[in-house]
Amino acid sequence: MARLPGRGDGPSLLLLSHTDTVVADASEWQLDPWSGEVRDGEIWGRGALDMKGEVAASAVALASLAREGFEPAGDLIFVATADEEVGDDFGLPWLCREHPDAVRADYALNEGGGERVELGGRAFYLCSTAEKMSSPFRLTVHGRGGHASMPRISDNALVKAAPVIERLAAYRPEPQLGVETDALVVAIFGERLEPDQVLEAARGLDPYAAEMLEPLLSLTLSPTIISASERRNVVPSTCVIDVDCRLLPGQTQEEAEGIVRGALGEGDYDLEWIEGRGGTRSPLETPLWSAVESFVAEVEPDATAVPLCVAGFTDSHWLREAFGTVAYGFFPMRAMDAREASRLVHSADERVAVDDLELGVDCFRHVARTLCS
Ligand SMILES: [Zn+2]
């Protein structure tokens, strides 16, 4: 952590990033994933996008402002945490609990947005203001065990699980529009749309718009792990299916359980929630939003900043929960194509454009000067 103390008569701003990364298998990469090699204007290496690039840009923004003698109204704070990817309570949740005074802030900028996307010939910069809740559940399908050589005298739980999985896959929840997605739709289409019109309109505009919007219109269900008998000659009496489930911000597990049970119908199964993490949002009309908007207007006058509810999970949620911080994900990126970047995160050949790092530094300096002057 580093802090540029404020005069005490204005809001504080925290530049949040995490220093840990997922693993890298060097044999899958064209260049050494730990080299940080610069080639053709890009820095290669694990974490370049997620998110050592932003760690570096935040540090440079804070240090350069400090050297210039910038005196913010409220504290300007740099926090680079551990343990975001695994989430074993060594990172930001621990800091919020054990050292709240070190990380409390009115506003925060973090990962989770900033991509420039072109839709229907217009440019948008996505700024994430909310996150879905990671809310996986476990289905235990019950049958009756027996010897596999006499299948008719048992009731195979694995076989009974098959239609349950098919129902999960086939289910299409009723679409709904949260405030963020509503505002995003208005920005993209120039008018409000009914929830059930959004997907069709998006498909007509650009397949990428449909890909981006579909998971934001409802909870999502992805069965990912299954286990049944440990032995080939034993018919399983139970079959366990773990389902990755993401709820809309504000949606409760109780409400979701009704939806899931409705989709599955009556059956010989139990449903048990494994956890519920995230699902928080920050308001849209804030001084931080204005600062992000004015940055976009400065670097690309024809482009529009738009709010996004992200399907994934970031550390922003700990700040929102602990301190009511207005936390957005915004690290602008325009040199690298957003679709290419999303393929490189957590994958081989991760790299970041040097121009985008500089854009990030400009952004953080702009937001600090706008918000904390
Ligand atoms: Zn990350």
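As shown above, the structure is provided for reference.
The following refers to the structure shown.

Thresholds applied
- Residues numbered from 1 in each chain as written.
- Predicted model: local features only at pLDDT ≥ 70, side-chain atom pairs only at ≥ 80, totals over all residues.
- Heavy atoms only, no water.
- Helix = DSSP H or I, 4+ residues; strand = E, 2+ residues; numbered from the N terminus.
- Rg over C-alpha atoms; globule rule 2.2 N^0.38 Å.
- Buried < 20%, exposed > 50% of the residue type's maximum accessible area, 1.4 Å probe, protein only.
- Contact = heavy atoms within 4.5 Å.
- 1 Å grid on protein atoms, 1.4 Å probe; cavity = no way out; pocket = protein on both sides within 12 Å on 5 of 7 lines; lining within 4 Å.
- Points joined across faces, edges and corners; volume = space filled by probe spheres on them.
- Nonpolar A, V, L, I, M, F, W, Y, C, P; charged D, E, K, R; others polar.
- Salt bridge = Lys/Arg side-chain N within 4 Å of Asp/Glu carboxyl O.
- Donors = N, O, S within 2.8 Å, 3.2 Å for Na, K, Ca; no water.
- Tetrahedral: all angles 85-135°; square planar, octahedral: opposite > 155°, others 65-115°.
- Pairing = 2+ DSSP bridges.
- Arc of directions from axis to C-beta.
- Core = buried A, V, L, I, M, F, W, Y, C linked by side-chain atoms within 4.5 Å.

### Considerations on the overall build of the chain
Right, on to step 1. Helix and strand counts for the chain come out as 12 helices and 19 strands.
Right, on to step 2. A globule of 373 residues ought to have a C-alpha radius of gyration of about 21 Å, and the chain, at 23 Å, matches this closely.
Right, on to step 3. Oriented by its inertia axes, the alpha-carbon framework of the chain measures out at about 80 × 45 × 45 Å.
Right, on to step 4. By the burial criterion, 49% of the 373 residues in the chain qualify as buried.
Right, on to step 5. Put simply, 79% of the contacts in the chain that link residues at least 6 apart link residues at least 24 apart.

### Quick notes on the layout of surface pockets
Right, on to step 1. Space inside the largest pocket adds up to approximately 1200 Å³.
Right, on to step 2. What lines the largest pocket is a set of 40 residues, and nearest its centre among them are Gly 112, Glu 115, Val 310, Ser 342 and Val 345.
Right, on to step 3. Mapped onto the lining of the largest pocket, the elements with two or more residues apiece are helix H1 (48-67), helix H7 (207-213), strand E17 (304-310) and helix H11 (338-344).
Right, on to step 4. Its residues assigned to classes, the lining of the largest pocket comprises 21 nonpolar, eight polar and 11 charged.
Right, on to step 5. Estimates place the volume of the second largest pocket at around 380 Å³.
Right, on to step 6. Those elements giving two or more residues to the lining of the second largest pocket turn out to be helix H4 (157-170), helix H6 (198-205) and strand E12 (220-227).
Right, on to step 7. Taken together, the residues of the lining of the second largest pocket sort by class into 11 nonpolar, two polar and four charged.

### What about helix H10 (residues 316-323)?
Right, on to step 1. Restricting attention to buried positions, one finds in H10 the residues Ser 316, His 317, Leu 319, Arg 320 and Phe 323.
Right, on to step 2. Directly beyond the C-terminal end of H10, a positive phi value near 65° is found at Gly 324.

### Things to note about the pattern of salt bridges
Right, on to step 1. Applying the stated criterion to the full structure yields 22 salt bridges.
Right, on to step 2. Across the pair Glu 68 and Arg 369 runs a salt bridge whose closest N-O atoms are separated by 3.0 Å. Highlighted residues: Glu 68 in the loop between H1 and strand E5 (76-81) and Arg 369 in helix H12 (residues 354-371), separated in sequence by 301 residues.
Right, on to step 3. On the basis of relative accessible area, Arg 369 is assigned to the partly exposed category, the value being 37%.
Right, on to step 4. In this structure, a network of salt bridges that share partners links the residues Glu 42, Glu 340 and Arg 351.

### What about the coordination of the zinc ion?
Right, on to step 1. Looking at the zinc ion, one finds its protein donor set to be His 18 (NE2), Asp 50 (OD), Glu 111 (OE) and Glu 111 (OE), positioned 1.9 to 2.6 Å from the metal centre.
Right, on to step 2. Taken together, the four donor atoms coordinating the zinc ion span angles of 53 to 147° at the metal, a pattern that classifies the geometry as irregular.

### Section: the pairing of strand E2 (residues 13-18)
Right, on to step 1. A large share of E2 lies buried, amounting to six of its six residues.
Right, on to step 2. Pairing analysis gives three bridges linking E2 to strand E6 (residues 107-110), with the strands arranged parallel. Across the sheet, the residue bridging to Leu 15 is Leu 109, located in E6.

### Some remarks on H6
Right, on to step 1. Listed in full, the buried residues belonging to H6 are Val 198, Leu 199 and Ala 202. Within H6, the buried residues cover an arc of 90° as seen down the axis, which keeps them to one side. Every exposed residue of H6 that faces more than 90 degrees away from the buried side is listed here: Glu 200, Arg 203 and Gly 204.
Right, on to step 2. Check the buried side of H6 and you find it contacts helix H5 (179-189) and H7.

### What to know about the nonpolar core
Right, on to step 1. By size, the foremost hydrophobic cluster in this structure holds 44 residues, and its most contacted members are Leu 13, Leu 76, Leu 109, Leu 288, Phe 330 and Phe 364.
Right, on to step 2. Top contributing element to this core by residue count: H12, with eight residues.
Right, on to step 3. Aside from chain neighbours lying at most four places away, what touches Leu 109 is Leu 13, Leu 14, Leu 15, Leu 16, Glu 54, Leu 288, Val 292, Tyr 328, Phe 330, Phe 364 and Val 367.
Right, on to step 4. The next biggest cluster of nonpolar side chains, apart from the first, holds 26 residues, and it includes Phe 124, Leu 193, Tyr 208 and Val 310.

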